[in-house]
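# Descriptive analysis of the structure
What follows is the residue order along each chain.
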Amino acid sequence: MLYCVKISLCGKQLSISVYDINKEAVMPSDNAATVEPRSSEQSGAVDSGILHDLLGHLLRHAFNRGQAVFSEVFEDDGVTPLQFMILELISKNPGIAHSRICTAMGTAASVVTTTMKPLLAAGTVVGRASETDRRVTRYRLSQRGEKWFADLRPKIADCEDRFARSLTDRQRAELIASLKRLSGIED
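The paragraphs below set out a description of the structure included in this document. Position numbers for residues count from 1 along each chain, tracking the sequence in the order it is written. Note on the predicted model: pLDDT of at least 70 is required for a residue's local features to be given, and 80 or more for side-chain atom pairs to be given and counted; whole-chain, interface and lining totals, by contrast, use all residues. As a rule here, side-chain values cover all heavy atoms of the structure and leave hydrogens and water aside.

Per the convention used, a helix needs a DSSP run of H or I reaching at least four residues, while a strand needs a run of E reaching at least two, with both numbered from the N terminus. The helix and strand inventory of the protein stands at eight helices and six strands. Relative to its 187 residues, the protein shows a buried fraction of 24%. Here, Shrake-Rupley sampling with a 1.4 Å probe gives the accessible areas, and only protein chains in the shown set may cover a residue. Per element, the accessible surface of the protein, about 13,300 Å² overall, is 55% carbon and sulfur. For every residue, the accessible area (1.4 Å probe, protein chains only) is compared with the maximum for its type, and the residue is labelled buried under 20%, exposed over 50%, or partly exposed between those bounds.

This brings us to the side chain of Thr115. Looking at the secondary structure, you find Thr115 in helix α5 (residues 109-121). Excluding residues that lie within four positions of it along the chain, Thr115 makes contacts with Thr80, Leu82, Gln83 and Ile86. Between two residues, a contact is recorded if the distance between any of their heavy atoms is within 4.5 Å.

Moving on, we get to the side chain of Thr124. Of note, Thr124 is situated in the loop between α5 and β5 (125-129). Residue classification places Thr124 among the buried residues on the basis of a relative accessible area of 8%.

Cavity means a closed set of points on a 1 Å grid over the protein atoms alone, one where a 1.4 Å probe fits but cannot get out, pocket means an open set with protein on both sides within 12 Å along at least 5 of 7 lines, and lining means a residue has an atom within 4 Å of a point. Grid points are joined across faces, edges and corners, and a volume is the space filled by probe spheres set on the points. Approximately 1,700 Å³ is the volume found for the largest pocket. Lining of the largest pocket is provided by 34 residues; of these, Phe63, Met85, Glu160, Phe163 and Leu179 occupy positions nearest its centre. Mapped by element, the contributors of at least two residues to the lining of the largest pocket are α2 (55-73), α3 (81-92), α4 (98-105), α7 (155-163) and α8 (169-183). Of the volumes computed, that of the second largest pocket is approximately 190 Å³.

On to the pairing of strand β6 (residues 137-141), then. Across two bridges, strand β4 (residues 96-97) lies against β6 in antiparallel orientation. From the neighbouring strand, Ile96 faces β6, where its bridge partner is Tyr139. When β5 meets β6, the two strands line up antiparallel, connected through five bridges. The partner of Val126 across the bridge, within β6, is Arg140. Any two strands between which DSSP finds at least two bridges are classified as paired.

So, on to the sheet that holds β4. Taken in spatial order, the three strands of this open sheet run β4-β6-β5, and their pairing is antiparallel. Strand pairing shows two members of the sheet lacking a second neighbour, β4 and β5, which therefore form its edges. Against the sheet, α3 engages β4, β5 and β6, with an angle of about 95° to β6. Working convention: axes come from line fits to C-alpha atoms, limited for helices to the stretch in contact. Angles between N-to-C directions cover 0 to 180 degrees.

Okay, here's the thing in structure tokens:
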């Protein structure tokens, strides 16, 4: 027999219920107050309906998994996925303007502004008004930022490998190509 234990605290009264997962009723323990019928919530099975056949739903799950893997790999580095994107864009495009960062990331200016604030405050990224248009700020990595990012950047390969571990090299390449087409990055 397999059992599931439910411990709940309502107010100041502790309730412990033991469920035989093969039956429809609860076996109350010494502290349990009542016998409850099992609900679909307690069985662990969730009928996802059509969700697992919807591209958007699956992309959301994949995105969440990618975020989790990034957090594991970069746990001690103090960088978020969005900050990594900004650092990569500035590293490869010194003097890039805010609007071009937004376009390259496919996100709103407010997201880039908020994400970049800690990088600017730490002196990792520096901004300077454009010589041709004082309203435009151009960004580059500081010397310290260049070294820090150069040391950090190789870890993204491990991150990508962990994330795509369940795919063959061919499947991974096909997925990347398909996502580029789907997102309009490439035709």
